[in-house]
Amino acid sequence: MASMVSGCVTDFFTYETTKSVVVKSWSVGIINRVVQLLIIAYFVGWVFIHEKAYQVTDTGIESSVMTKVKGFGYHNNRVMDVADYVSPSQGAAVFCIMTKLIVTENQFQGKCAETVSMFNCDTDEDCKKHFGAYLSNGVITGVCLKPSNDSQGMCEIEGWCPTENDSIKSKPMLDVKNFTIFIKNSIRFPLFNITRGNFPSDLTSDQIKNCNYHPVTNPLCPIFRVGDVLSYTKQDVAELAKKGGEIGINIQWKCNLDLDIEKCGPKYSFTRLDAPFEKNAVSKGYNFRFAKYFKTENGTEFRTLHKAFAIRFDIMVTGNAGKFNTIPTLINLVAAFTSVGLGTVLCDVILLNFMKGAEQYKAKKFEEVSEAQIQAILSQSPSSQLSVKPDIKSSCDSGAISLSND
């Protein structure tokens, strides 16, 4: 037991030093240089040039978006303007352009027959099964209303009457493709205290009235034609106007602050956000309801209910800014120089496991020297240093041992 403890202590208090062995092999040498070249190319090309690892980056972008829609269209024999088809009207980053409306006029509080087919009935018992239903247009009373004894009845509801009938056919407003969306976006990178806007400061009112965004010919124009946006997302205008949908407009800011600040500009991209549900049998498209309330002369309240199918636009702002900084540069330089040594590790693995003469290489690379051996050599020649065995050829490098294929 004592000898085991002594051995563990002796092994713990040992020192390992590197020993250079020069292997003159074309194959191993080529592998070593190729690995080193690949590592250097990776750090130079990807880390420093592409990823700009020499910069400190600010990803906490602060953003403000204001929007304005313009255009006129025909729907249900009426001319629709911005106040009719845009919701909400505040010009926020998320807004809807209504393309189809189902209008139920003159609704009063009372009791009437349901219009949803799932509430068909023959007796009152059929309606009592639907107590607490949330798919109806009102509260189910449990009464079955039948025009005659031989006809199909409908359950009675209490709520706004007459109930909405969304099976009414209505043509969508296809003029939506000619509407325009004006986007005003200001951003700030707080780390560098840099503020930018999404269109040039020297843009005149005449220029902005006549420009339309194009990714190649006019990439900084802040006015977007709805038809163009839908074509960028490869959507059919007629189908989208009929059922509604959600379109995303992404404004991306990627700014290299080591260059001229004027080169820090936005890039726009477009996508359909509800694409995963496009082929679903249920919950296709996008719609919502809203009502306008009125009062009769005697003070009775009534309303006009609108079910709107709309194209919803979500404007999303992302981005980052980078600027040269000494600390990340030094960290990545150290990582690069350290990684170059991986070539030596790989070559050692090959030499120790896969090359002919691996045992000889192990014998030359790993050598144990005890304190007793050092004392014995020094006692023989106190003024000399540890010498290399006669059968080993020393290289020109100090402290290195050379092995050749011979």
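So, here's what we can say about the structure. (Residues numbered from 1 in each chain as written. Predicted model: local features only at pLDDT ≥ 70, side-chain atom pairs only at ≥ 80, totals over all residues. Heavy atoms only, no water.)

### Some details on the overall build of the chain
For the chain, the helix and strand inventory stands at eleven helices and 18 strands. Computed over C-alpha atoms, the radius of gyration of the chain comes to 39 Å, more than 25% over the 22 Å expected from 2.2 N^0.38 for 406 residues, which places it beyond the range of a compact globule. Each principal axis of the C-alpha distribution contributes one length, and for the chain these read about 125 × 65 × 40 Å. Residue burial in the chain is summarised as follows: out of 406 residues, 34% are buried. By element, 56% of the accessible surface of the chain is carried by carbon and sulfur atoms, the whole surface being about 26100 Å². On the chain, the mean spot of the 42 positive side-chain charges and the mean spot of the 41 negative ones are 5 Å from each other. (Helix = DSSP H or I, 4+ residues; strand = E, 2+ residues; numbered from the N terminus. Rg over C-alpha atoms; globule rule 2.2 N^0.38 Å. Buried < 20%, exposed > 50% of the residue type's maximum accessible area, 1.4 Å probe, protein only. Areas by Shrake-Rupley, 256 points an atom, 1.4 Å probe, with all protein chains shown as cover. Lys, Arg positive; Asp, Glu negative; His and termini not counted. Charge placed at Lys NZ, Arg CZ, Asp CG, Glu CD.)

### Let's talk about the side chain of D58
Following the sequence through the fold, D58 ends up in strand β2 (residues 55-58). Within the local environment of D58, its side chain forms a polar contact with the backbone nitrogen of L191, the two atoms lying 2.9 Å apart. Here D58 is in contact with F189, P190, L191, F192, G319, N320 and A321, once residues within four sequence places are set aside. (Polar contact = N/O pair within 3.5 Å; in protein donor to acceptor, adjacent residues only side chain to side chain. Contact = heavy atoms within 4.5 Å.)

### Some details on the environment of N77
Within the secondary structure, N77 sits in the loop between β4 (73-75) and β5 (78-80). Each C-alpha atom of the pair N77 and S201 lies 42 Å from the other, and the pair is 124 residues apart in sequence.

### Regarding the nonpolar core
Y85, I97, W253 and F313 are the most contacted members of the largest nonpolar core, which has 44 residues in total. Looking at this core, the elements with two or more residues in it are β3 (62-70), β7 (94-113), β11 (180-189), α6 (226-232), α7 (237-243), β14 (245-256), β15 (266-272) and β17 (301-324). Of all the elements, β17 adds the most residues to this core, at seven residues. Judged by nonpolar contacts, the second largest core, of nine residues, contains C112, C144, C155 and C161. (Core = buried A, V, L, I, M, F, W, Y, C linked by side-chain atoms within 4.5 Å.)

### Observations concerning the pattern of salt bridges
Scanning all chains against the criterion turns up nine salt bridges. Between R225 and D228 there is a salt bridge, with its nearest N and O atoms 3.1 Å apart. Among the residues examined, D228 registers a relative accessible area of 23% and is labelled partly exposed. Members of the salt-bridge network, linked through shared partners, are E246, R312 and D314. (Salt bridge = Lys/Arg side-chain N within 4 Å of Asp/Glu carboxyl O.)

### Some thoughts on a positive patch on the surface
On the surface, a cluster of positive charge is contributed by K68, K70, K184 and K209. In this fold, K70 is placed in strand β3. (Patch = residues over 30% accessible without salt bridge, like charges linked within 9 Å, V, L, I, M, F, W, Y side chains within 5 Å.)

### Overview of the packing of aromatic side chains
One pass over the full model with this rule turns up 17 aromatic pairs. An aromatic cluster of three or more residues is present, and its members are Y213, F224, Y232, Y268 and F270. For the cation-ring pair, K100 lies above F309, with the distance from its terminal atom to the ring centre recorded as 4.5 Å. (Phe/Tyr/Trp six-rings, centres within 6.5 Å; stacked < 30°, edge-to-face > 60°. Lys NZ or Arg CZ within 6 Å of the ring centre and 35° of its normal.)

### Examining the pairing of β11
Residues of β11 alternate between two faces, with I181, I183, N185, I187 and F189 buried on one and T180, F182, K184, S186 and R188 left unburied on the opposite face. Two elements, β3 and β11, share nine bridges in a ladder whose sense is antiparallel. Paired with E62 across the strands is R188, a residue of β11. Pairing between β11 and strand β13 (residues 223-225): three bridges, direction antiparallel. (Pairing = 2+ DSSP bridges.)

### Considerations on unusual backbone geometry
Cis geometry is adopted by the peptide bond preceding P88, which originates at S87 and carries an omega value of -10°. As for its placement among the helices and strands, P88 is situated in the loop between β6 (86-87) and β7. At K52, a position not held by glycine, the phi torsion is positive, near 50°. Residue classification places K52 among the partly exposed residues on the basis of a relative accessible area of 26%. Positioned with a positive phi, K234 is a non-glycine residue whose angle comes to about 60°. Structurally, the position occupied by K234 is in the loop between α6 and α7.

Function cannot be inferred from these measures alone, as they are strictly geometric.
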